[in-house]
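Fold and contact review
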Amino acid sequence: MNAPVLVINCGSSSIKYALIDSDPQAARLSGLAERLGSSEARLKGKNSDGESFTQPLPNAGHAEALNAILEHLEGRIPGAVGHRIVHGGEHFTQAALIDENVMAAIHSTAALAPLHNPANLAGISATQRVFPDLPQVAVFDTAFHQTLPPRAYRYALPEVLYTEHGIRRYGFHGTSHAYVSQRAGELSLRGAGGWLTAHLGNGCSTSAIWNNQSLDTSMGLTPLEGLVMGTRSGDVDPGLHAHLHRQLGWSLDEIDNVLNKQSGLLGLSGLTNDMREVEEQASAGHAGAQLALEVFCYRIAKSLAALSCALPTIDGVIFTGGIGENSPIVRRDVLALMPHFGFNIDQTTNEAMVRGKEGNISSTDNGPEVWVIPTDEEGRIAMETRHCVESAQ
Ligand code: AMP
């Protein structure tokens, strides 16, 4: 299939899109329709010569926004649509061509991702109305982690909670972990061996990948488990919920809100969820920002060390995501906490590896390597969509 793929990520009031050619050198058209359903709805994007545009779309819903997006594709007709779907439960181990059965399976998983899957389904329906003749493919955040063995995905809970209610660890950011580990396998002489990946953005997760298969990951049933994130707490004592309820009278919704929206870097620093500002304030001596940075890095190091148990050998660690790609401080501080693993980085190369640069920042050929690889979730979704459509033909 030579035609470009339109990659769509639908939220309840937004649509992120990118038009991706089969030629990786070709310019991407991309943008974001936001505040859908309100008088302030608008479409922002970039055209092929890199110029930005903003188009007001008062009161537009998903279908109107998709029609507006179509007008900004500069006459390039997509051959397929690839949808980012957050949760595929245990139904999907890879991307799937969307039909009624796939829609029903995504719907049946909605209880596990109540904020995301219904919005993703609404996005698919709107896209089917606007592009009735195009094949549509669902690419799941969870699918890459379906290779986890039971020892990694089961919680130590009564079995019935797993068998009857699907309570297990699923993992997320699958397209990102898959992309960067595959890319490291191509770039490094070590090939597709054992890689630890750290996707550090607003959401953060780590993964242990052996021969392109995910063997463990830090997120679990929901994207709240694991690392400290922008506003998410990551791991807390499972007894915390009962404690807050009994001692402070907080409802489950209040607890959920605090753990998801008011914790993480924001909660620890008391300032911000933005790592750039945390770093600035920490170097200016702000105690909360210093603590936030310290807890953030310690938790990543601890998670990488724990995940190393999943791998027969460690060929290297890969940093990606807005923070992983741009913060020499975080990379340095995380690895400084793991001296017994033998990671050695060249500080000058580390400092230079920012703003989309890709490379190996190790200082020696001995020991495991350290790579910075800008993630490309949209490119990976387009690639999986292409494969799925081609193999169905
Ligand atoms: P993402 O969700 O992948 O877009 O990542 C967002 C996070 O990346 C935010 O916490 C940003 O502060 C962080 N980030 C972006 N640029 C930098 C930078 N130059 N230094 C440190 N953090 C950065």
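Residues numbered from 1 in each chain as written. Predicted model: local features only at pLDDT ≥ 70, side-chain atom pairs only at ≥ 80, totals over all residues. Heavy atoms only, no water.

For the rest of this paragraph, the subject is the overall build of the protein chain. When helices and strands are counted, the protein chain shows 15 helices and 14 strands. For the protein chain, whose C-alpha radius of gyration is 21 Å, the value lies close to the compact-globule estimate of 21 Å for 393 residues. In terms of overall dimensions, the protein chain has a C-alpha envelope of 55 × 55 × 45 Å along the principal axes. Separation of charge centres in the protein chain, based on 27 positive and 42 negative side chains, amounts to 2 Å. (Helix = DSSP H or I, 4+ residues; strand = E, 2+ residues; numbered from the N terminus. Rg over C-alpha atoms; globule rule 2.2 N^0.38 Å. Lys, Arg positive; Asp, Glu negative; His and termini not counted. Charge placed at Lys NZ, Arg CZ, Asp CG, Glu CD.)

Right, let's get into the pairing of strand S11 (residues 213-217). Within S11, four of the five residues are buried, which leaves the element mostly enclosed by the surrounding structure. Pairing of strand S10 (residues 204-210) with S11 involves four bridges; the strand directions are antiparallel. Directly across from alanine 208, in S11, lies its bridge partner aspartate 216. Linking S10 to S11, which pair antiparallel, is a turn of two residues; within it asparagine 211 sits at a positive phi near 55 degrees. (Buried < 20%, exposed > 50% of the residue type's maximum accessible area, 1.4 Å probe, protein only. Pairing = 2+ DSSP bridges.)

A word on unusual backbone geometry. Peptide bonds are mostly trans, and most non-glycine residues show a negative phi. A positive phi is found at histidine 173, a non-glycine position, where the angle reads about 55 degrees. Taking relative accessible area as the criterion, histidine 173 reaches 10% and is therefore assigned buried. Located in the positive-phi region is arginine 355, a residue other than glycine, with phi close to 50 degrees. What makes arginine 355 exposed here is its relative accessible area of 72%.

With that settled, consider the site of the ligand. Inspection of the region around the ligand gives Gly201, Asn202, Asn273, Asp274, Met275, Arg276, Glu279, Gly321, Gly322, Ile323, Asn326 and Ser327 as its neighbouring residues. Taken by itself the ligand offers 500 Å² of open surface, and the protein chains cover 71% of this. At the level of elements, helix H10 (275-283) and helix H12 (321-326) are the ones that each hand at least two residues to the shell around the ligand. Tallied by class, the residues present in the shell around the ligand amount to two nonpolar, seven polar and three charged. (Near = heavy atom within 4 Å. Areas by Shrake-Rupley, 256 points an atom, 1.4 Å probe, with all protein chains shown as cover. Nonpolar A, V, L, I, M, F, W, Y, C, P; charged D, E, K, R; others polar.)

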